[in-house]
Amino acid sequence: LVDVDAASSLPEYNFRCQTAKIMLECASLLENDSSDANDTINQCAESAIQVLGSLIAQNDEVIEVWYLLGCAFMACTPPNPESAHYYWENALTMLNKVKKGLEESIDDYDDDECIENELEVIECQIIDVKKKLGKYKEDDEDEDMED
């Protein structure tokens, strides 16, 4: 019962997502600062991880949250590439499923241009995640454009 009360007292989902993004941005800005700010960077990154974790617990089907969790683990000092890769791999899997679903249902929509634009956006996101994972090669983009 205590967990239910705690969960119901959390701010709205979108507010928490935006808050986590701000925490990650703060960590990024501090990282670029020449002063010794490792503790503050870790506080920002760990807070973002906690907030994003609550979002995953509430809804584990939001690709952006999986992606941001990977970014948060890499923002820690030292970075945690194993955890980051785990979340990025999940985001990539989800993006590929969305892409496949759109491609399979493209004939069902009247507005082909809208679907094609959505597919382009998803393809850019897939490329971004592949780059994070170190799996992206320029040849991949050429192959995708030929499909």
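The structure this text deals with has already been given above.
Residues numbered from 1 in each chain as written. Predicted model: local features only at pLDDT ≥ 70, side-chain atom pairs only at ≥ 80, totals over all residues. Heavy atoms only, no water.

What follows concerns the nonpolar core. In terms of nonpolar packing, the biggest core is built from 39 residues, with L24, L52, V65, Y67, L69, W88 and V129 touching the most fellow members. Counting only elements with at least two residues in this core, the list comes to α2 (13–32), α3 (38–58), α4 (63–75), α5 (81–104) and α6 (112–133). Aside from chain neighbours lying at most four places away, what touches W88 is W66, Y67, G70, C71, M74, V129, K132 and L133. (Core = buried A, V, L, I, M, F, W, Y, C linked by side-chain atoms within 4.5 Å. Buried < 20%, exposed > 50% of the residue type's maximum accessible area, 1.4 Å probe, protein only. Helix = DSSP H or I, 4+ residues; strand = E, 2+ residues; numbered from the N terminus. Contact = heavy atoms within 4.5 Å.)

Let us now look at unusual backbone geometry. In the segment running from T77 into P78, the intervening peptide bond is cis, with an omega of 0°. Relative to the helices and strands, P78 resides in the loop between α4 and α5.

Once that is clear, we can look at the pattern of salt bridges. All chains considered together, the criterion is met by 4 salt bridges. With a shortest N-O distance of 2.7 Å, E123 and K99 are connected by a salt bridge. Here the residue E123 occupies a position in helix α6, and K99 occupies one in helix α5, the gap between them amounting to 24 residues. The same class applies to E123 and to K99, which are both buried. Of the charged contacts in the structure, one is a salt bridge between E104 and K100, with a shortest N-O distance of 4.0 Å. One end of the pair is E104 and the other is K100, both in helix α5 and 4 residues apart, which spans about a single turn. Both residues of the pair, E104 and K100, count as exposed. (Salt bridge = Lys/Arg side-chain N within 4 Å of Asp/Glu carboxyl O.)

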